[in-house]
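Here are the chains, one letter per residue:
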Amino acid sequence: MQPAIAACRVCPSCRRPDRAARVPGFTLIEVLVVMAISAILLAVGVPMFTGAIASMRASDSANSLVASLELARTEAIRRGTTVSLCRVTNTAPTACDSAAAGGFAAGDLTAGWMVYADLNGSAVGAFNAGDLQIQIQPAVAAGAAPRSQILRTAGTDDVITFRPDGLRVGGQLVYRIAYPQAAHGAALSCRQITIDGVGRTVAARIPDRK
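Our subject in this report is the structure included herewith. Keep in mind that this is a model prediction, so the values were computed, not measured. (Residues numbered from 1 in each chain as written. Predicted model: local features only at pLDDT ≥ 70, side-chain atom pairs only at ≥ 80, totals over all residues. Heavy atoms only, no water.)

1. Thoughts on the pairing of strand E5 (residues 159-162)
Link 1 in the chain: Residues of E5 alternate between two faces, with Val 159 and Thr 161 on one and Ile 160 and Phe 162 on the opposite face, all of them buried.
Link 2 in the chain: Inspection of the sheet shows strand E1 (residues 83-87) paired to E5 by four bridges, in the antiparallel sense. The partner of Ser 84 across the bridge, within E5, is Thr 161.
Link 3 in the chain: Pairing geometry for E5 and strand E6 (residues 168-169), over two bridges, is antiparallel. By the bridge assignment for E6, Thr 161 is matched with Val 169.
Link 4 in the chain: In this antiparallel pair of consecutive strands, E5 and E6, the connection spans five residues, and Gly 166 shows a positive phi of 90°. (Buried < 20%, exposed > 50% of the residue type's maximum accessible area, 1.4 Å probe, protein only. Helix = DSSP H or I, 4+ residues; strand = E, 2+ residues; numbered from the N terminus. Pairing = 2+ DSSP bridges.)

Quick look at the structure:
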């Protein structure tokens with residue numbers, strides 16, 4: 001029987017060196033491609049996100065005003081007396097106030113408003129002692145920009161009054177709600193509220209101004 005051949009051993013110093021392990025990471029070209037795509041996405045996405053926020057805030061302001069107008073009309077019918085909505089500039093008003101104050105333009109309803117019932121034979125549309133406060137809406141936002149703005153664009157009545165039959169006292173009124181308030185002439189998200197002579201309130205979106 002022939003002796004077994006011993007396994008061939010390779011001298012460690014003669015062994016062929018292994019290829020260096022690859023270190024995971026990105027090449028410069030890959031990094032530049034990712035940066036370019038990110039820049040494109042930001043350029044497209046940020047304006048759309050900003051526009052969505054502006055639209056939402058304009059809509060919120062419009063919805064708040066519509067809800068108060070519907071409340072005033074409903075309460076006029078339910079109570080059998082005139083009920084009015086007017087602008088106020090604090091949460092403890094003693095009178096309606098349409099003057100500029102606290103960073104709010106004159107007549108800007110985002111300063112706050114009040115719904116009240118005319119009682120005890122007091123003058124229609126004027127808040128007097130003895131009248132009943134039904135709702136106080138605080139300022140929608142601080143007077144500083146950016147914020148919503150609610151301004152009358154048609155009609156002349158500072159006070160919106162509903163009769164016991166639900167009809168309006170006075171002619172048609174139109175309000176424009178915009179966000180932000182200081183960007184007239186720029187792109188805006190806007191709503192329009194129309195109160196007609198029969199007391200109906202209609203809210204609609206109007207195209208952004210350019």
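Next comes the rest of the account.
2. Some points on the sheet that holds strand E4 (residues 149-154)
Link 1 in the chain: Within the open sheet, the four strands sit side by side as E4-E7-E8-E9. Their pairing is antiparallel. The strands lining the two open edges of the sheet, one partner per strand, are E4 and strand E9 (201-206). Strand-to-strand twist across the sheet, computed as the mean angle between neighbouring axes with direction ignored, equals 25°.
Link 2 in the chain: Pairing of strand E8 (residues 189-195) with E9 involves six bridges; the strand directions are antiparallel. Within E9, the position partnered with Ile 193 by the bridge is Ala 203. (Axes fitted to C-alpha atoms, helices over the stretch in contact; angles between N-to-C directions.)

3. Some words on the nonpolar core
Link 1 in the chain: Ranked by size, the top nonpolar core spans 23 residues in total, and within it Leu 65, Leu 69, Ile 160, Tyr 175, Ile 193 and Ile 195 carry the most contacts.
Link 2 in the chain: Those elements giving two or more residues to this core turn out to be helix H1 (28-79), E1, strand E2 (113-117), E5, strand E7 (173-179) and E8.
Link 3 in the chain: In this structure, Ile 193 is in contact with Ala 62, Leu 65, Val 66, Leu 69, Leu 173, Val 174, Tyr 175, Ile 177, Thr 201, Val 202 and Ala 203, ignoring residues within four places of it in sequence.
Link 4 in the chain: Ranked by size, the runner-up nonpolar core spans six residues in total, among them Val 88, Met 114, Tyr 116 and Val 159. (Core = buried A, V, L, I, M, F, W, Y, C linked by side-chain atoms within 4.5 Å. Contact = heavy atoms within 4.5 Å.)

4. Section: the sheet that holds strand E3 (residues 132-137)
Link 1 in the chain: Taken in spatial order, the five strands of this open sheet run E3-E2-E1-E5-E6, and their pairing is antiparallel. Only two strands of the sheet have a single neighbouring strand rather than two, namely E3 and E6.
Link 2 in the chain: Inspection of the sheet shows E1 paired to E2 by five bridges, in the antiparallel sense. Residue pairing across strands places Ser 84 opposite Tyr 116, the latter belonging to E2.

5. Observations concerning the pairing of E7
Link 1 in the chain: For E7, the tally of buried residues reaches seven of seven residues, placing the bulk of the element in the interior.
Link 2 in the chain: Where burial is concerned, the two faces of E7 agree: the one with Leu 173, Tyr 175, Ile 177 and Tyr 179 and the one with Val 174, Arg 176 and Ala 178 are both buried.
Link 3 in the chain: Note: E4 against E7, five bridges, orientation antiparallel. Among the inter-strand pairings, Gln 149 is bridged to a residue of E7, identified as Ala 178.
Link 4 in the chain: Where E7 lies against E8, seven bridges are found, and the strand directions are antiparallel. Across the sheet, the residue bridging to Tyr 179 is Ser 189, located in E8.

6. Examining the pattern of salt bridges
Link 1 in the chain: On inspection of all chains with the given rule, the structure shows seven salt bridges.
Link 2 in the chain: A salt bridge links Arg 78 to Glu 75, with the shortest nitrogen-to-oxygen separation between them at 2.9 Å. Here Arg 78 pairs with Glu 75, and both are found in helix H1, just three residues apart, close to one helical turn.
Link 3 in the chain: Classification of Arg 78 by relative accessible area gives exposed; the value is 58%.
Link 4 in the chain: The shortest N-O distance in the salt bridge between Asp 165 and Arg 163 comes to 2.8 Å.
Link 5 in the chain: Since its relative accessible area comes to 44%, Asp 165 is described here as partly exposed.
Link 6 in the chain: Judged by its relative accessible area of 33%, Arg 163 falls in the partly exposed class.
Link 7 in the chain: Here the residues in one salt-bridge network are Glu 75, Arg 78 and Arg 79, joined through shared partners. (Salt bridge = Lys/Arg side-chain N within 4 Å of Asp/Glu carboxyl O.)

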